[in-house]
Amino acid sequence: MISKKMAQEINAQINREFFSAFLYLAMANDAIEKGFLGTGKWMSIQFKEEQEHALKFSKYLQDQGAKVELAAMEAPRTEWKDILDMFKDALLHEKKVTAWINDLNSLAIAEKDYATQSMLKWFIDEQVEEEAQCNEAISALTLVGSSAGSLYMVDRHIGKRGE
Ligand code: FE
Ligand code: CA
C-alpha cells in the first residue's frame, strides 16, 4: 500500500505523461505539415511512448490498490520556428519531467516506500535516454545549420529511429 500523498503525486505524473504525449503529437503534426517527415515520425513514436509511460504509472497505482484519477490537460503549443527549435523545446520539457521524477523518488525515499523507489528506477533510467536522444538531434541540427539540403538529410536520419 502506498500513501495517499504518493498516490496523489503519481496521479499528477500520469497527467504530465499524457501532456507529454499531447505535446509530441503537436510536434509531429507541425513537423509533418512543414515537410519534415523524419522528425514527424520521430515525434509520433515519442507520442506513443509517452502514453506507455502514463499507462505504466496507472498500472502501478492499480497494483497498489490506489485509484487512477484522470484530469484535464493544458493545450500544447502547436507551432515551432523550425525542427531545431522543436527539439530544443522537447529537451526543456524532458528536463522538467526528469525533475518531477526525481521529486517523486525523493518523496518515496522520505516515506521509506521501497516499492515506489523500485518502480521509479525504470523512469530514472528512461529520462537519461530521453534527454540524450534530444541532445543528439540538437547536435546534428546545430552542426548542419540552415542549408536546406543538409537539413533534409538530417531529418531523414532522425526518421530512422526505431520504435
Ligand atoms: Fe515520459
Ligand atoms: Ca524513450
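What you see is a predicted model; the values in this text were computed from it and never measured.

(A) Fine view of the overall build of the protein chain. Summing up its helical and strand segments, the protein chain has five helices and zero strands in all. Going residue by residue from the N terminus, the α and β elements of the protein chain occur as α-α-α-α-α. With respect to the principal axes defined by its C-alpha atoms, the protein chain has extents near 55 × 25 × 25 Å. Put simply, of all contacts in the protein chain between residues at least 6 apart along the chain, 81% involve residues at least 24 apart. With the model as given, the accessible surface of the protein chain reaches about 8900 Å², and the carbon-plus-sulfur share is 58%. Side-chain charges in the protein chain split into 19 positive and 26 negative, and the spacing between the mean points of these groups amounts to 1 Å.

(B) Structural view of the coordination of the iron ion (ligand 1). Each protein donor to the iron ion (ligand 1) is listed here as Glu17 (OE), Glu50 (OE) and His53 (ND1); together their distances run 2.1 to 2.2 Å. Along the chain, the residues donating to the iron ion (ligand 1) fall in the pattern E-x32-E-x2-H. Of the two residues, Glu17 is situated in helix H1 (residues 4–33) and His53 in helix H2 (residues 37–63); the sequence distance between them amounts to 36 residues. His53 carries the same exposure label as Glu17, and that label is buried.

(C) Layout of the packing of H1 against helix H3 (residues 83–110). Remark: H1 packs on H3, axes separated minimally by 11 Å, with the N-to-C direction vectors making an angle of 170 degrees. Between H1 and H3, the interaxial angle falls into the category roughly antiparallel. Looking at the contact of H1 with H3, its residues break down into 15 nonpolar, three polar and seven charged.

(D) View of the coordination of the calcium ion (ligand 2). Taken together, Glu49 (OE), Glu126 (OE), Glu129 (OE) and Glu130 (OE) make up the full set of protein donors to the calcium ion (ligand 2), lying 2.1 to 2.7 Å away. Spacing between the donor residues of the calcium ion (ligand 2) along the chain follows E-x76-E-x2-E-E. Of this pair, Glu49 sits in helix H2 while Glu129 sits in helix H4 (residues 114–144), and the two are 80 residues apart along the sequence. When its relative accessible area of 36% is taken as the criterion, Glu129 is described as partly exposed.

(E) Here's a closer look at the environment of Leu91. Among the secondary structure elements, Leu91 is positioned in helix H3. With relative accessibility at 10%, the residue Leu91 sits in the buried group. Sequence spacing of Leu91 and Ile138 is 47 residues, and the spatial spacing of their C-alpha atoms is 8.9 Å. If we skip the residues at most four places from it in the chain, Leu91 touches Glu131, Cys134, Asn135 and Ile138.

(F) Up close: the packing of aromatic side chains. Applying the stated criterion across every chain yields a total of three aromatic pairs. Among the aromatic residues, those joined into a cluster by ring pairs are Phe57, Trp122 and Phe123. Its guanidinium or amino end placed over the ring of Trp122, Lys56 lies 4.1 Å from that ring's centre, counting from NZ or CZ. Sitting over the ring of Trp42, Arg161 keeps its end group 4.5 Å from the ring centre.

Basis of the calculations
Residues numbered from 1 in each chain as written. Chains lettered and ligands numbered in written order. Predicted model: local features only at pLDDT ≥ 70, side-chain atom pairs only at ≥ 80, totals over all residues. Heavy atoms only, no water. Helix = DSSP H or I, 4+ residues; strand = E, 2+ residues; numbered from the N terminus. Contact = heavy atoms within 4.5 Å. Areas by Shrake-Rupley, 256 points an atom, 1.4 Å probe, with all protein chains shown as cover. Lys, Arg positive; Asp, Glu negative; His and termini not counted. Charge placed at Lys NZ, Arg CZ, Asp CG, Glu CD. Donors = N, O, S within 2.8 Å, 3.2 Å for Na, K, Ca; no water. Buried < 20%, exposed > 50% of the residue type's maximum accessible area, 1.4 Å probe, protein only. Axes fitted to C-alpha atoms, helices over the stretch in contact; angles between N-to-C directions. Parallel < 35°, antiparallel > 145°, perpendicular 65-115°, else oblique. Nonpolar A, V, L, I, M, F, W, Y, C, P; charged D, E, K, R; others polar. Phe/Tyr/Trp six-rings, centres within 6.5 Å; stacked < 30°, edge-to-face > 60°. Lys NZ or Arg CZ within 6 Å of the ring centre and 35° of its normal.

Honestly, that's just the spatial picture; any functional story needs more than this.
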